[in-house]
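# Observations on the model geometry
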Amino acid sequence: LEDLSRKDVSYVNRQRGSGTRVLLDYLISQKCLQSSEIQGYQREEYTHLGVAAAIAGGRADAGMGVLSAARALNMDFIPLHNEQFDLVVPMEYFDGELVTPVINIIRTSEVLKKVEALGGYDTSGTGEVISVITKSTES
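In every chain, residue numbers begin from 1 and rise along the written sequence. It should be noted that, the model being predicted, local features are given only for residues of pLDDT at least 70 and side-chain atom pairs only at 80 or more, the latter also being counted only at that level, while totals for whole chains, interfaces and linings use all residues. Side-chain figures throughout are based on the complete set of non-hydrogen atoms in the structure, without hydrogens or water.

## Observations concerning the overall build of the protein
Heads up, the rule is: Secondary structure counts use DSSP, requiring at least four H or I residues in a row for a helix and at least two E residues in a row for a strand, with both numbered from the N terminus. Atoms counted for the radius of gyration: C-alpha only. Globule rule: 2.2 Å times the number of residues to the power 0.38. For each residue, the accessible area found with a 1.4 Å probe, counting protein chains only, is set against the maximum for its type, and the residue is called buried under 20%, exposed over 50%, and partly exposed in between.
A tally of helices and strands in the protein yields six helices and three strands. Scanning the protein from its N terminus toward the C terminus, one meets helices and strands in the order β-α-β-α-β-α-α-α-α. In terms of overall dimensions, the protein is more spread out than a globule: its C-alpha atoms have a radius of gyration of 19 Å, far above the 14 Å expected for 139 residues. In terms of overall dimensions, the protein has C-alpha extents of about 55 × 45 × 20 Å along its principal axes. Looking at the protein residue by residue over its 139 residues, the buried ones come to 27%.

Written as structure tokens, this is what we have:
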């Protein structure tokens, strides 16, 4: 991460508000770095593939994204951080006709194999209910 502040490294960022941008800002603050020290910090792309394309096209040397985007453009990838993503669904919809098929599909071995083949994804907990939160009736 510290290499991003080198003068010979040009960076391409994700757009403000994206999870990747929030994570980068958090990580550079943890390392006591300044975004103003990163050449290209203000240059933004709206997708992981956009970041990878900017690097592949020579408009930047580095960017933060997912392994699948780097693989799609046959680029090097250095793992920096792992994230877990959760799907939050209100209980009244969980067993409904719209959500149930989605849950059933993402739990199939066919879908899990395709996601794993993209690279960089751990599907071991996919489709698992990790918490049920009910509304409190007390004020």
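## As for the sheet that holds strand β3 (residues 62–63)
Threshold: Note on pairing: DSSP must find at least two bridges between two strands before they are called paired. The criterion used for residue contact is that any of the two residues' heavy atoms lie within 4.5 Å. Note on geometry: axes are lines fitted to C-alpha atoms, helical ones only across the stretch in contact, with angles between N-to-C directions running from 0 to 180 degrees.
Taking strand neighbours across the sheet as the criterion, the three strands line up as β2-β1-β3 in an open arrangement whose pairing is parallel. In this open sheet, the two edge strands, each paired with only one partner strand, are β2 (44–45) and β3. Of the strand pairs in this sheet, strand β1 (residues 11–14) and β3 are connected by two bridges, and their pairing is parallel. Among the inter-strand pairings, Y11 is bridged to a residue of β3, identified as A62. With respect to the sheet, helix α1 (residues 19–30) is in contact with β1 and β2, its orientation differing from that of β1 by roughly 120°. Docked against the sheet, helix α2 (residues 48–56) engages β1, β2 and β3, running at close to 170° with respect to β1.

## Considerations on the pairing of β1
What counts here: Orienting the strands away from the viewer, one traces the path from the first strand over the helix to the second; a clockwise path indicates a right-handed crossover.
As defined by bridge partners, β1 adjoins β2 across two bridges and the pair is classed as parallel. Directly across from R14, in β2, lies its bridge partner E45. With α1 bridging β1 and the parallel β2, this β-α-β connection has right-handed handedness.

## Details of α2
When we look at burial in α2, the residues that qualify are G50, V51, A52, A54 and I55. Along its buried surface, α2 packs onto β1, β2, β3 and α3 (67–72). Two residues or fewer past α2, G58 is found with a positive phi of approximately 85°.

## So, unusual backbone geometry
Despite not being glycine, C32 has its phi angle at roughly 60°, a positive value. Looking at C32, the relative accessible area reads 65%, which means it is exposed. You will see that N74, though not glycine, has its phi angle at about 55°, which is positive. Mapped onto the fold, N74 is located in the loop between α3 and α4 (91–94). Given a relative accessible area of 73%, N74 falls into the exposed group.

## Observations concerning the nonpolar core
Quick note on the threshold: The term nonpolar core refers to a set of buried residues drawn from Ala, Val, Leu, Ile, Met, Phe, Trp, Tyr and Cys, joined through side-chain atoms within 4.5 Å.
Among the nonpolar cores identified, the biggest contains 10 residues, and these are L4, Y11, L23, L24, L27, I28, L33, I38, Y41 and M64. Here the element with the most residues in this core is α1; it accounts for four residues. Those residues within four positions of L23 in sequence are excluded, and the remaining contacts are M64, H81 and E83. Of all hydrophobic cores here, the second largest spans five residues; its members include V12, V51, A54 and A60.

## Digging into a nonpolar patch on the surface
Put simply, the test is: Every patch collects residues that have over 30% relative accessible area and no salt bridge, joining them within 9 Å if they carry like charges and within 5 Å if they are nonpolar side chains (Val, Leu, Ile, Met, Phe, Trp, Tyr). Here the accessible surface of atoms and residues is derived via Shrake-Rupley with a 1.4 Å probe, and residues count as covered only by protein chains that are part of the display. Salt bridges are defined by distance alone: a side-chain nitrogen of Lys or Arg within 4 Å of a carboxyl oxygen of Asp or Glu.
There is a patch of nonpolar side chains on the surface, built from M91, V129 and V132 and spanning about 260 Å² of accessible area. With respect to the helices, strands and loops of the structure, V132 is situated in the segment after α6 (109–118).

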